[in-house]
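Observations on chain architecture
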Amino acid sequence: MISAKNYSLLPDVKTLQMICKAISVLDAIICPEWEYRYYSYNSKWSDDEEFFEMRNGSGDHMLMLFSQKCSVINGFIQDAPQPDIQKVTADLPSVFEEFIFGEPVHSIGTTFCLWTTEPKSWHTGESGITDDHLQEMLHIFDGNPQTYINWATGYFEDSYKASGIPLETVTRIYNGEVLTKEMVLTIVGEPEDWDQLEEDLTEADYPYSFD
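Residues numbered from 1 in each chain as written. Predicted model: local features only at pLDDT ≥ 70, side-chain atom pairs only at ≥ 80, totals over all residues. Heavy atoms only, no water.

Some words on the state of the cysteines
- Counting across every chain of the model gives zero disulfides.
- Sulfur of Cys-20: no disulfide; nearest cysteine sulfur belongs to Cys-113 and is 15 Å away.
- Classification of Cys-20 by relative accessible area gives buried; the value is 0%.
- As a non-bridged cysteine, Cys-70 has Cys-113 as the owner of its nearest cysteine sulfur, 13 Å distant.
- Classification of Cys-70 as buried rests on a relative accessible area of 17%. (Disulfide = S-S within 2.5 Å. Buried < 20%, exposed > 50% of the residue type's maximum accessible area, 1.4 Å probe, protein only.)

Quick look at the packing of aromatic side chains
- Under the counting rule described, the total for this entry stands at 16 aromatic pairs.
- Centroid distance Trp-45 to Phe-99: 6.5 Å. Interplanar angle 80 degrees. Geometry classified as edge-to-face. Here Trp-45, found in strand S1 (residues 39-46), pairs with Phe-99, found in helix H3 (residues 97-101); they are 54 residues apart in sequence, far enough to count as distant.
- Note on Phe-99: relative accessible area 6%, which makes it buried.
- Following the ring pairs from residue to residue traces out a cluster consisting of Tyr-38, Tyr-39, Phe-52, Phe-141, Tyr-148, Trp-151, Tyr-155 and Phe-156.
- Residue placement shows Arg-55 over the ring face of Trp-34; its charged tip is 4.0 Å from the ring centre.
- The aromatic ring of Trp-194 is capped on one face by Lys-181, whose charged end is 5.1 Å from the ring centroid. (Phe/Tyr/Trp six-rings, centres within 6.5 Å; stacked < 30°, edge-to-face > 60°. Helix = DSSP H or I, 4+ residues; strand = E, 2+ residues; numbered from the N terminus. Lys NZ or Arg CZ within 6 Å of the ring centre and 35° of its normal.)

Printed below as a string of structure tokens:
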């Protein structure tokens, strides 16, 4: 399991990006109100960068930047001891400096920072990561659709169909399949606003066909 002691188990950038899109799309389906979602994805952060965000509503944040084959993760855990950011970001590649030391990261704070500029080789600063409840943030990236279902079943409670969140549909979304109305309706009853869902999917650059 991905945790503070073995963050090297994080997937490669492409796989991580696909997982981030998938769980953000699933959140958008289950929770129409953006402010109450846990995960969200913005494929239009800049011309050549995409952005993923986690907010738990209790002050913890995780902000992730994707740029070509590179990625950087900034995490803030409110109840954790806050380390010296200069140590946490020691040896941080210059390509990530604007993101990590700019906004909104600067205002939120940095408890841990992970980055990779290679297909799969994650790094952190000299202080390392010692806060093991970081596992709560990173476990979702194990690539297992059931992991999302287990988490979302408790977090969103009655926001999905009484039959539960179907593994088949979640797996298809994890695989990047084109989202259809039929797939949406296996998770929730008739959405309040199909147009809003289309906007969310467009922002995430996730393929859909609601014809």
